[in-house]
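Each chain, written out:
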Amino acid sequence: MLGVTRKYPSLQRLAVVTVLAASVSLGAGSSRAQQLTARSDHQQQDVFPKSVAKHAERKHAESMAAVTPSAPPARSDVKPIQRATARGPYYVDFRARTAATYGHAFIWYGKTSEKEVEVAGLAPAGDTLPYILGHIIFVPSETGASYGDLDEQYLTASYRVYLNEADAKKVFAYIKHLQEISPVWNAATANCTAFIGRIATFMGLNAPFHLLKPEEYVNQLRELNGGRKTVQLEPDRG
């Protein structure tokens, strides 16, 4: 190679120029690499402290959450408190049943813990003839249990209301008094629905017009009073 360059001086000059150009290129590349390395180091110095700070903040928050008491989680399965409706130990049951014509209205009353019941109602005393005459004139009445009053299979409507002991004594006394002062029956005026309506009114209930069929009367009695289950008398009652 040395012999060739001596023989051809121009080749020697070309070789020198090539070496110089390569040196300059290598120097520029090295400088560029150093700049990139420095920039990369600088970026890493900027990023690293921020990531460390965020990590530290997160750890601090987790540790604080671990030691800070939190409110108990809300439970969707918690049921609201249900208050039972108080019912007195006594009752009056307004009832209607089937009969030969348009039916009969009457009441049961007594104590819830006892099977025996008292029955009160207003009906013509006797058989068919007093009933027919009672649509024209007043006829003798009976105010106790009549045929079918104790048989559930004849029942067409029922509305039971509960009372406490003190009020029950007053209501039961009024029922017996009403039986005593009701010696006659008449289909248009002193009939079975009017009889139980007077009891309902004494108890503070709203009573329908008495010229209704017994079943309809009892159902309307319930509707007029919103289906209420308990009654408390006014202090001046009795």
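The structure we're discussing is the one just above.
A. Structural detail: helix α6 (residues 214–224). Three or more residues of α6 are buried, namely Pro-214, Tyr-217, Val-218 and Leu-221. The arc that holds every buried residue of α6, seen down its axis, measures 95°, which confines them to one face. On its buried face, α6 is in contact with β1 (90–97), β2 (104–111), β6 (155–163) and α5 (192–202). Positioned one or two residues after α6, Gly-226 has a phi angle of 65°, which is positive.

B. Structural detail: the sheet that holds strand β4 (residues 123–124). Strand order across the open sheet formed by three strands is β4-β5-β7, with antiparallel pairing between neighbours. Each edge of the open sheet carries a strand with a single partner, namely β4 and β7 (184–185). As paired elements, strand β5 (residues 139–142) and β7 share two bridges and run antiparallel to each other. Residue pairing across strands places Val-139 opposite Trp-185, the latter belonging to β7.

C. Expanded view of the side chain of Thr-193. Mapped onto the elements, Thr-193 comes out in helix α5. What makes Thr-193 buried here is its relative accessible area of 1%. Within polar-contact distance, the side chain of Thr-193 engages the side chain of Asn-191 at 3.2 Å. A distance of 2.5 Å separates the side chain of Thr-193 from the backbone oxygen of His-210, its partner in a polar contact. Once you skip the residues sitting within four places of it in the chain, Thr-193 turns out to touch Ala-105, His-210, Leu-212, Pro-214 and Tyr-217.

D. Main features of the packing of α5 against α6. Here α5 crosses α6 at 15°, and the two axes come no closer than 10 Å. As judged from the angle between their axes, α5 and α6 are roughly parallel. Crossing of α5 over α6 shows right-handed handedness. Only Pro-214, Tyr-217, Val-218 and Leu-221 of α6 make contact with α5, whose side of the interface consists of Cys-192, Thr-193, Ile-196, Gly-197 and Ala-200. Class assignment for the residues of the contact of α5 with α6 results in seven nonpolar, two polar and no charged.

E. Structural view of the pairing of β2. Taking burial as the measure, the eight residues of β2 include seven buried ones, the bulk of the element. When β1 meets β2, the two strands line up antiparallel, connected through eight bridges. Following the sheet pairing, Tyr-90 is matched in β2 by Lys-111. Inspection of the sheet shows β2 paired to strand β3 (residues 118–121) by four bridges, in the antiparallel sense. Across the sheet, Tyr-109 pairs through a bridge with Glu-118, a residue of β3. The hairpin turn running from β2 into β3, its antiparallel successor, is six residues long.

F. Representation of the sheet that holds β2 in the model. Overall, antiparallel pairing links the four strands, which are arranged β3-β2-β1-β6 in an open sheet. Two strands lie at the open edges of the sheet, namely β3 and β6, each paired on one side alone. In this sheet, neighbouring strand axes are inclined to one another by 20° on average, regardless of whether the strands run parallel or antiparallel. In the packing of α5 onto the sheet, the strands contacted are β1, β2 and β3, and the crossing angle to β2 comes to about 35°.

What counts and what doesn't
Residues numbered from 1 in each chain as written. Predicted model: local features only at pLDDT ≥ 70, side-chain atom pairs only at ≥ 80, totals over all residues. Heavy atoms only, no water. Buried < 20%, exposed > 50% of the residue type's maximum accessible area, 1.4 Å probe, protein only. Helix = DSSP H or I, 4+ residues; strand = E, 2+ residues; numbered from the N terminus. Arc of directions from axis to C-beta. Contact = heavy atoms within 4.5 Å. Pairing = 2+ DSSP bridges. Polar contact = N/O pair within 3.5 Å; in protein donor to acceptor, adjacent residues only side chain to side chain. Axes fitted to C-alpha atoms, helices over the stretch in contact; angles between N-to-C directions. Parallel < 35°, antiparallel > 145°, perpendicular 65-115°, else oblique. Left-handed = near helix turned anticlockwise from the far one by under 90°. Nonpolar A, V, L, I, M, F, W, Y, C, P; charged D, E, K, R; others polar.

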